[in-house]
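# Summary of the model geometry
For reference, the chains in residue letters:
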Amino acid sequence: MERVSGLLSWTRSRVLWLSGLFERGAARQPRIMEEKALEVYDLIRTIRDPEKPNTLEELEVVTESSVEVQEVNEEDYLVIIRFTPTVPHCSLATLIGLCLRVKLQRCLPFKHKLEIYISEGTHSTEEDINKQINDKERVAAAMENPNLREIVEQCVLEPD
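The present account deals with the structure reproduced in this document. (Residues numbered from 1 in each chain as written. Predicted model: local features only at pLDDT ≥ 70, side-chain atom pairs only at ≥ 80, totals over all residues. Heavy atoms only, no water.)

### Let's talk about the pattern of salt bridges
- One pass over the full model with this rule turns up eight salt bridges.
- Note that Asp42 is salt-bridged to Arg45, the shortest N-O span being 3.6 Å.
- Here Asp42 falls in the partly exposed class, since its relative accessible area comes to 32%.
- Residue Arg106 pairs with Glu153 through a salt bridge whose shortest N-O separation is 2.4 Å. Placement of the pair is Arg106 in helix H3 (residues 93–107) and Glu153 in helix H6 (residues 146–156), with a sequence separation of 47 residues.
- Residue classification places Glu153 among the partly exposed positions, given a relative accessible area of 29%.
- Salt bridges here are not isolated pairs; linked through shared partners, they connect Asp42, Arg45 and Glu57. (Salt bridge = Lys/Arg side-chain N within 4 Å of Asp/Glu carboxyl O. Buried < 20%, exposed > 50% of the residue type's maximum accessible area, 1.4 Å probe, protein only. Helix = DSSP H or I, 4+ residues; strand = E, 2+ residues; numbered from the N terminus.)

Below you can see the structure in the form of structure tokens.
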């Protein structure tokens, strides 16, 4: 199901890109970035909260405006996600960031660099968490833990 969703997302992005093919480069640029941002949002909005039976979208942990895509060059993009934990002392904020990273690494159909941050001023330890979720070695180590990996897999699993 996840592959089908990724394929549909990729196909939709290609159709949108082709429909803007005849626009001039500079005029087309903002629209392409908006489309890529919506593509990213479509992937992350269905991630489930580790504690609650809701999605990150339903809890407003992620919103369309929390996703930014910047073009680095013709084929590379910088994807920036700013998420808002439900409470300032959320003990699972790092896990939410890990879920965001795993889902996007698996499903984004374009070449990208990913930066994930807690929205400024929304968590008591945001600096520490931002460092953790953007450190490749810490992320890899976390995903080696079978219990943590199982929780992440349950959170990123596409709904039927």
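What follows continues from the structure just given.
### Some details on the packing of aromatic side chains
- A complete count under the given rule lists one aromatic pair for this structure.
- The residue whose ring lies beneath Lys36 is Tyr77, and the NZ or CZ to ring-centre distance is 4.8 Å.
- When the ring centre of Phe110 is taken as reference, the NZ or CZ atom of Lys36 above it lies at 4.2 Å. (Phe/Tyr/Trp six-rings, centres within 6.5 Å; stacked < 30°, edge-to-face > 60°. Lys NZ or Arg CZ within 6 Å of the ring centre and 35° of its normal.)

### Notes on the packing of H3 against helix H5 (residues 136–144)
- Between H3 and H5, the shortest axis-to-axis distance is 11 Å and the interhelical angle comes to 95 degrees. Classified by the interaxial angle, the pair formed by H3 and H5 is roughly perpendicular. Counted together, Leu98, Arg101 and Val102 of H3 and Val139, Ala142 and Met143 of H5 form the full contact between these two elements.
- Among the residues making up the contact of H3 with H5, the classes are represented as five nonpolar, no polar and one charged. (Axes fitted to C-alpha atoms, helices over the stretch in contact; angles between N-to-C directions. Parallel < 35°, antiparallel > 145°, perpendicular 65-115°, else oblique. Contact = heavy atoms within 4.5 Å. Nonpolar A, V, L, I, M, F, W, Y, C, P; charged D, E, K, R; others polar.)

### Brief notes about the nonpolar core
- Of all hydrophobic cores here, the largest spans 40 residues; its most connected members are Val40, Ile44, Ile81, Phe83 and Leu100.
- Breaking this core down by element, the ones donating at least two residues are helix H2 (25–44), strand E1 (67–71), strand E2 (76–83), H3, strand E3 (111–118), helix H4 (126–133), H5 and H6.
- Considering each element in turn, this core owes the most residues, nine residues, to H3.
- What Ile81 contacts, discounting residues up to four positions off in sequence, is Val40, Ile44, Ser66, Val67, Leu100, Leu104, Leu114, Glu115, Ile116 and Tyr117. (Core = buried A, V, L, I, M, F, W, Y, C linked by side-chain atoms within 4.5 Å.)

### Focus: the pairing of E2
- With seven of its eight residues buried, E2 lies for the most part within the structure.
- As paired strands, E1 and E2 are joined by five bridges and run antiparallel to one another. Note that in E2 the partner of Val69 across the bridge is Val79.
- In sequence, E1 turns back onto E2 through a hairpin of four residues.
- With H3 bridging E2 and its parallel neighbour E3, the resulting β-α-β unit is right-handed. (Pairing = 2+ DSSP bridges. Right-handed = clockwise from strand over helix to strand, strands pointing away.)

### Structural notes on the side chain of Arg101
- Mapped onto the elements, Arg101 comes out in helix H3.
- The side chain of Arg101 sits in the buried core without any salt bridge; Glu115 is the nearest counter-charge, 8.2 Å away.
- For Arg101, the contacting residues outside a window of four places in its chain are Leu114, Glu115, Ile116, Ile133, Asn134 and Val139. (Lys, Arg positive; Asp, Glu negative; His and termini not counted.)

### Description of H4
- Taken residue by residue, H4 has Glu126, Ile129, Asn130 and Ile133 as its buried positions. With its buried residues spanning 105 degrees around the axis, H4 presents them on a single face. Residues of H4 that are exposed and angled more than 90 degrees away from the buried face: Glu127 and Lys131.
- For H4, the secondary structure elements touched by its buried residues are E2, H3, E3 and H5. (Arc of directions from axis to C-beta.)

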